[in-house]
Amino acid sequence: MFFSYYTVLFAFGLTVYGRALSLECSSCSGVQDMQECNTTRSCSDRQVCYKKREYTGKVQFDLGCVDKQHCGEYAKIPNGTMGVSMAGGQTQYCYECCSTENCNRNLCDHTHLDGNWSPWTSWSGCDVTCDKGTRSRVRTCTNPAPQYGGLNCSGDSIEFKLCHRQLCPVHGGWSEWVAWSSCSATCGVGMQSRTRTCTNPVPDRFGDHCFGQSLEDRLCYPGQCISVWSDWQSWSSCSVECGGGFRTRSRTCSNPSPFISKGTCPGNSTDIGSCVHVKCNTDCYEVLSKQNNAESGVYSVKLWKSKQTIQVYCDMDTDNGGWTVFQYRFNGSVDFYRNFTEYENGFGNLETEFWLGLKSVQEMASQGKTELRLDLTAADGTTVYETFQNFYLDEGPNYTLHIDPGTGTAGDSQGLSYNNGHHFSTYDVDRDANSQNCAVSRHAGWWYKSCSYVNLNGEYVTPGTKRTNGELGGMVYNGGIFQHTRSLKVVKMMFRQV
């Protein structure tokens, strides 16, 4: 220790005057706050005040009296203070001495500046948008910052607290795939599938649905197929609408899978069977016999010999019905001055005026005993009729007329019976017994003998009048007392089985 001259002189002066000056110092041990140290003590001779500051996890102060030589080899007394050199600063430890009353309370303060916390910042926003999260706030050790080996701030620089938002959406998740289904085929190639559901978890609170497919398919191969017949297909329609016909059905020789090549199967791929329908209607009489409430109109019939299907007009009202109409005239809309071929095959319209055709009439009237009926209407509306039994025609080309004498209200004196046994003639096929062509003079086609008194296919003139170019060339029935050569208004010729 090196003491200054003034110190020695001061100490000597005290001794000279016969009393020693006792130095009073603050005295505490292990305090953390200097404000807690209120104790003092009187030091012995050759002692000074000291202060020791330590930091070992926390700050502690020791204050009291100490022999001067214990202040260390760097002790000195600047302005009445003794202490250790602070060159380079102290970080964890400070030990200083001084020699004035209670001077040790203020020691070590000039060598360090402890840090202090700044105020807390405002709480941050919640760190989540839904459900539970946290808010935080921070502070810094800058009020002031530690200097010259001063202590850093104690405590945390960041602080957290819980925050609550609305419940989060629940996004859907796929369940596990279920087991693959059985193969769709027992051999060859088939398909099998498996599924999963969006239930792990189920979407809730506007959460997203699962992405991807809920169904998965794959090929399966249970084994090679053996060629077998398929089931028979449905029967086809019968080859005829009535009577006896045939129908077919088919099957295929194939494997259950189309991916395996076909083989050979025993047996036939086509089956033919008979189909029997009700007896075909061959004329209007048979239509009525099967349909008691049948009304007049157009019907389909199948000719009994040629099996040809034709349309006919049936009168189901006159004399208990069942009449097949083969000639009908009422307004002159159809010209009946036709060639032989047209009379043979028919012409006109079944809904208006028409001639059915000699070929069809001949076949239909030949299947059994048949009667012929003529219905005649005059200009004033007066009506008469005449019927003829055992009506039939020879086969073509002559289509000779055969009838018994007529009965009825029209009269048959030199009527249609006059033409019995004679061939059908037209302007291009002359088969009458006259040296002239009766079909030309009578302007019609008919069963002319030496011409005729009945000319129902003649020219249609104003009903009730006479044809100027040959009276009998009109549509007339001059065989009795009815109208003579005055042209008729309506004529209908028809037949039925008896």
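Scroll up to find the structure.
What comes next is a walk through the structure. (Residues numbered from 1 in each chain as written. Predicted model: local features only at pLDDT ≥ 70, side-chain atom pairs only at ≥ 80, totals over all residues. Heavy atoms only, no water.)

With that out of the way, let us pick up the overall build of the protein. Looking only at helices and strands, the protein features five helices and 28 strands. Taking as baseline every contact in the protein between residues at least 6 positions apart, the subset at least 24 positions apart corresponds to 56%. Taken as a whole, the protein presents about 27,700 Å² of accessible surface, with 49% of it coming from carbon and sulfur. (Helix = DSSP H or I, 4+ residues; strand = E, 2+ residues; numbered from the N terminus. Contact = heavy atoms within 4.5 Å. Areas by Shrake-Rupley, 256 points an atom, 1.4 Å probe, with all protein chains shown as cover.)

Here we come to the pairing of strand 4 (residues 47-55). Bridge analysis of strand 4 against strand 5 (residues 59-67) gives nine bridges, and the strand direction is antiparallel. Counterpart to K52 in the pairing with strand 5 is D62. Bridging between strand 4 and strand 7 (residues 93-98) involves six bridges; their strand directions are antiparallel. Looking across to strand 7, one finds that K51 is bridged to E96. (Pairing = 2+ DSSP bridges.)

Enumeration according to the criterion identifies 14 disulfides in this entry. Two residues share a disulfide in this structure: C28 and C37, whose sulfurs sit 1.9 Å from each other. With the S-S bond torsion at 105°, the cross-link from C28 to C37 turns out right-handed. What makes C28 buried here is its relative accessible area of 13%. (Disulfide = S-S within 2.5 Å. Buried < 20%, exposed > 50% of the residue type's maximum accessible area, 1.4 Å probe, protein only.)

Soluble, globular proteins show a tendency: their nonpolar side chains are buried together. Core analysis: the largest hydrophobic core is formed by 54 residues, its most contacted members being F326, W355, L376, F391, W447, L456 and Y477. If one sorts the elements of this core by residue count, helix 4 (residues 358-365) sits on top with four residues. In contact with L376, other than residues within four places in its own chain, are T382, T383, V384, A410, L456, Y477, F482, L488, V490 and V491. (Core = buried A, V, L, I, M, F, W, Y, C linked by side-chain atoms within 4.5 Å.)

Mapped onto the elements, T282 comes out in the loop between strand 15 (270-276) and helix 2 (284-290). If sequence neighbours within four positions are ignored, T282 has contacts with V301, K302, W304, M364, Q367 and Q497.

Per the stated rule, a full pass over the model turns up 17 aromatic pairs. Measuring from centroid to centroid gives 5.1 Å for F336 and F347, while their planes differ by 75°, and the two rings are edge-to-face. Of the two residues, F336 is situated in the loop between strand 18 (323-329) and helix 3 (340-345) and F347 in strand 19 (residues 347-348); the sequence distance between them amounts to eleven residues. Note on F336: relative accessible area 1%, which makes it buried. Here the aromatic rings of Y343 and F347 are separated by 5.2 Å at their centres, their planes lie at 90°, and the arrangement is edge-to-face. For Y343, a relative accessible area of 0% gives the class buried. F347 sits in the buried class, given a relative accessible area of 9%. Here a set of aromatic residues connected by ring pairs shows up, and it is made of F326, F336, Y343, F347, W355, F391, F424, W446, W447 and F495. Over the ring of W174 we find R196, and its NZ or CZ is 4.1 Å from the ring centre. The ring of F347 carries the charged tip of R338 above its face, separated from the ring centre by 4.5 Å. (Phe/Tyr/Trp six-rings, centres within 6.5 Å; stacked < 30°, edge-to-face > 60°. Lys NZ or Arg CZ within 6 Å of the ring centre and 35° of its normal.)

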